[in-house]
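Now for the letters of each chain:
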Amino acid sequence: METMRPGAEAVRVKGWFGAHRWLILRRISQLTVLALFLSGPWFGVWIAKGNLVSSLTLGVLPLTDPYLFVQSLAAGFMPAATALIGAAIVVAFYALFGGRLYCAWVCPVNAVTDAAAWLRRRLGLKSGRVPDANTRYWVLAGSLLAAAATSSLVWEAVNPVTIVQRSLIFGLGGSLAVVIAIFAYDLLVASRGWCGHLCPMGAFYGLLGQKSLLRITADQRGACDDCMDCFTVCPEPQVIRPALKKAGQDSPLILDRDCTNCGRCIDVCGRNVFHFTHRFDQRSDS
Amino acid sequence: MQTDPTAKLQGKPGAAPTSVARRKFLNSIAAAAGTGCLLTLGAVMAGRPAAANPAQALRPPGALAEEDFLAACIRCGLCVRDCPYDTLKLAPFGDTVANGTPFFTARQVACEMCDDIPCVKACPTGALTPKLNDIHEAKMGLAVLSDHETCLNFLGLRCDVCYRVCPVIDQAITLENVHNQRSDRHAMLLPTVHSDHCTGCGKCEKACVLPEPAIKVMPISLARGKLPEHYRKGWEEKAKHGGSLIGDQVEMPVRGMEGKAYGDSRVDGPAAGLNSGWKP
Ligand code: SF4
Ligand code: SF4
Ligand code: SF4
Ligand code: SF4
Ligand code: SF4
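Since this is a predicted model, take the numbers as computed values, not measurements.

## A few points about the overall build of chain B
Across its full length, chain B carries nine helices and six strands. Counting all 280 residues of chain B, 38% fall into the buried class. Taking all contacts inside chain B whose residues are at least 6 apart in sequence as the whole, residues at least 24 apart take part in 60%.

If you want it as structure tokens, here you go:
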């Protein structure tokens, strides 16, 4: 299928910016998060201290990654109140707005895996061996079991997400190898391999946002002309079919917990099939 | 197999339960479980070498014992950010210190023993225990005068730098006066560390004038020896009980010491053995 790049029609209909709106907003969001952490060490303007695992914003707002918090619990340590409050705030936010919002809008690894997926499409790579999408839940369970068995946060010895974040924010060396490894894995071995199949952090946030309010709807699915562009760009393409093709559900809402709320399907659709909405919006043109 | 985990899933209308589909499903679960377990095992192996902190890396004040610390520290770096002297660092990926955890290297930047202990206050988890509210109670490590052959004071010179920079001077580190047998007319002032007062701040190691310090701060587990449980120190028991527990000892005469109190071994006048014969 070398005919047209996904989104070509959308660019024609909506213009380049219209067809990249959510992508651009996402990149801005990811960079803003980083910038809030970097303004302190770089310019002495302290907005957020710490890193995405746990931070203190403007000296008052504590935020703690619930996955790390749970690992610590599994290792047999009950973190102090500040971390508990921080984790509670984060849990509440993502439970409301979609757990994997974190993946699409915050996590810096997302840009790396997106780049690998983009290059893979451009090069027309079809090769590879993709692990089962459920592997991430086994890694998630395994990381907690390993923490319990060893009484230490062993997953953090290798967790590429926290390694990359920390290195970016603290200017540590040693993370480039991790970035290259993930990029190469996604490009050469498994399409969307890391974020879509292995990352336990993504799995954790997915579970967290199962019942979230914010959802993507394929409310204009009657207009769909089967160009498949949304399936091509979606990092979790399996989530689209039930809503778009009424496979196993009538609702036009994408209800699968793996949807990252990235909005690329909205961008790339020349027929404006998809929109952001809330979980109770059942409107649909077919 | 008593219950078939796939039965429920395939009982849904539309999904015809065929043994092929079931086998596929079970296969994919097995593959996922296998990959997941392998990845976790890899993480455990990768994390293992970092389980014991290397001797050069000291934990911040208030850090829980290393095993507990590795369960408690979520590697956020808030302690690092709030240390005004840039003492603390986060371990980068690939370091011998557990990836992402805070540590400091005494010889590079020592801990200044801040009165308000900002690093401890910053820690959201309690990995640096808030129970530490007097920095003098900190036990980041223990200084050890590890090399008697190069320490300038042991050579009979006056250096004393470690002694003089110590924030807990005359308690954590003292100069013990010992007769210099080599010159026979000088004292050696031996820097001596006392574990009950040393905080492990590392200032002595940082300040040692030698190209490689003769005094080093080590994690306590590495630095300390341990007496057997049943040992009692006679002089302590004596002080505690107001007298020797085994009663007075038989006094044996020592030749050449007649007329001196028992236990006084000092020699009068120039003693043959010790005089080097040196003349100005
Ligand atoms: S799946 Fe993991 S690495 Fe990918 S964006 Fe989500 S948290 Fe980041
Ligand atoms: S369905 Fe749309 S919003 Fe959800 S992950 Fe796929 S492209 Fe992103
Ligand atoms: S006591 Fe002060 S100098 Fe020492 S590690 Fe803590 S913040 Fe840094
Ligand atoms: S502030 Fe506490 S949890 Fe964070 S890195 Fe320091 S010791 Fe670890
Ligand atoms: S580490 Fe050295 S300077 Fe610090 S308290 Fe101990 S003896 Fe003193």
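That shown, we press on.
## Focus: the confidence of the model for chain B
Residue and element names in this part refer to chain B. Taken residue by residue, chain B gives an average pLDDT of 83. The fraction at 70 or more is 85%. In this model, residues 1-12 is a region of pLDDT below 50 whose contacts with residues beyond four sequence positions or in other chains number 10 contacts. Note on the complex model: pTM 0.83, ipTM 0.88.

## Some remarks on the interface of chain B and chain A
At the junction of the two partners, chain B supplies 36 residues and chain A supplies 45 residues. Together, the buried faces of chain B and chain A total about 3200 Å²; carbon and sulfur atoms form 71% of this surface. When the buried surface of chain B facing chain A is broken down by residue, B:Ile74, B:Arg81 and B:Phe93 rank first, second and third, together holding 22% of it. Linking chain B to chain A there are one salt bridge. At the junction of chain B with chain A, the criterion picks out 12 residue pairs in polar contact (both at pLDDT 80 or more). Contributions of two or more residues to the side of chain B that touches chain A are made by helix H2 (19-47), helix H3 (66-72) and helix H4 (78-82) of chain B. Top element by residues in the side of chain B that touches chain A is H2(B). It accounts for 12 residues.

## Looking at the site of ligand 1
Looking at ligand 1, the residues that line it are A:Arg100, A:Tyr102, A:Cys103, A:Cys107, A:Val109, A:Asn110, A:Val161, A:Trp194, A:Cys195, A:Cys199, A:Met201 and A:Gly202. Counting only elements with at least two residues in the shell around ligand 1, the list comes to helix H5 (101-105), helix H6 (109-123), helix H10 (193-198) and helix H11 (200-208) of chain A.

## Structural notes on the site of ligand 5
Lining the immediate surroundings of ligand 5 are 13 residues, of which B:Cys166, B:Cys198, B:Cys201, B:Gly202 and B:Cys204 lie closest. Among the residues making up the shell around ligand 5, the classes are represented as nine nonpolar, three polar and one charged.

## Some remarks on unusual backbone geometry
Here the phi dihedral of A:Leu58 falls at roughly 50 degrees; this positive angle occurs in a residue that is not glycine. Relative to the helices and strands, A:Leu58 resides in the loop between strand E2 (54-57) and strand E3 (61-64).

## Brief notes about the sheet that holds strand E1 (residues 48-51) of chain A
Residues and elements named next belong to chain A. Spatial strand order, E1-E2-E3: three strands in an open sheet with antiparallel pairing. Strands at the two margins of the open sheet, each flanked by one partner only, are E1 and E3. Strand-to-strand, the axes of this sheet are offset by a mean angle of 10 degrees, without reference to chain direction. Here E2 pairs with E3 via four bridges, running antiparallel. Its bridge partner being in E3, Ser55 is matched across the sheet by Leu63.

## Structural notes on helix H3 (residues 66-74) of chain A
For H3(A), the set of buried residues is A:Pro66, A:Tyr67, A:Leu68, A:Phe69, A:Gln71 and A:Ser72. Elements that come into contact with the buried residues of H3(A) comprise E3, helix H4 (81-97), helix H7 (135-150), helix H8 (160-170) and H11 of chain A together with H3 of chain B. Regarding H3(A), its N-cap is A:Asp65, as a side-chain oxygen of that residue lies 2.7 Å from the backbone nitrogen of A:Tyr67 further along. Remark: A:Gly76 follows H3(A) within two positions and exhibits a positive phi of approximately 95 degrees.

## Side note on the packing of aromatic side chains
For any pair of aromatic rings, the description rests on two quantities: the centre-to-centre distance and the angle between the ring planes. Residues and elements named next belong to chain A. Per the counting criterion, the structure on display carries 11 aromatic pairs over all chains. Consider the rings of Trp22 and Phe276, whose centres lie 4.7 Å apart with planes at 70 degrees: the pair is edge-to-face. Here the residue Trp22 occupies a position in helix H2 (residues 21-43), and Phe276 occupies one in strand E5 (residues 275-278), the gap between them amounting to 254 residues. Accessibility expressed as a relative area gives 18% for Trp22, which makes it buried. The partly exposed category is assigned to Phe276, whose relative accessible area is 24%. With a centroid separation of 5.0 Å and an interplanar angle of 90 degrees, the aromatic rings of Phe93 and Tyr94 are classed as edge-to-face. Through pairs of rings, three or more aromatic residues link up here, namely Tyr67, Phe93, Tyr94, Phe97, Tyr102, Phe204 and Tyr205. A cation sits over an aromatic face here: Lys49 above Trp46, 5.5 Å from the ring centre.

Cut-offs used in this document
Residues numbered from 1 in each chain as written. Chains lettered and ligands numbered in written order. Predicted model: local features only at pLDDT ≥ 70, side-chain atom pairs only at ≥ 80, totals over all residues. Heavy atoms only, no water. Helix = DSSP H or I, 4+ residues; strand = E, 2+ residues; numbered from the N terminus. Buried < 20%, exposed > 50% of the residue type's maximum accessible area, 1.4 Å probe, protein only. Contact = heavy atoms within 4.5 Å. pLDDT = per-residue confidence, 0-100. Buried area = accessible area lost by both parts, 1.4 Å probe. Salt bridge = Lys/Arg side-chain N within 4 Å of Asp/Glu carboxyl O. Polar contact = N/O pair within 3.5 Å; in protein donor to acceptor, adjacent residues only side chain to side chain. Near = heavy atom within 4 Å. Nonpolar A, V, L, I, M, F, W, Y, C, P; charged D, E, K, R; others polar. Pairing = 2+ DSSP bridges. Axes fitted to C-alpha atoms, helices over the stretch in contact; angles between N-to-C directions. Phe/Tyr/Trp six-rings, centres within 6.5 Å; stacked < 30°, edge-to-face > 60°. Lys NZ or Arg CZ within 6 Å of the ring centre and 35° of its normal.

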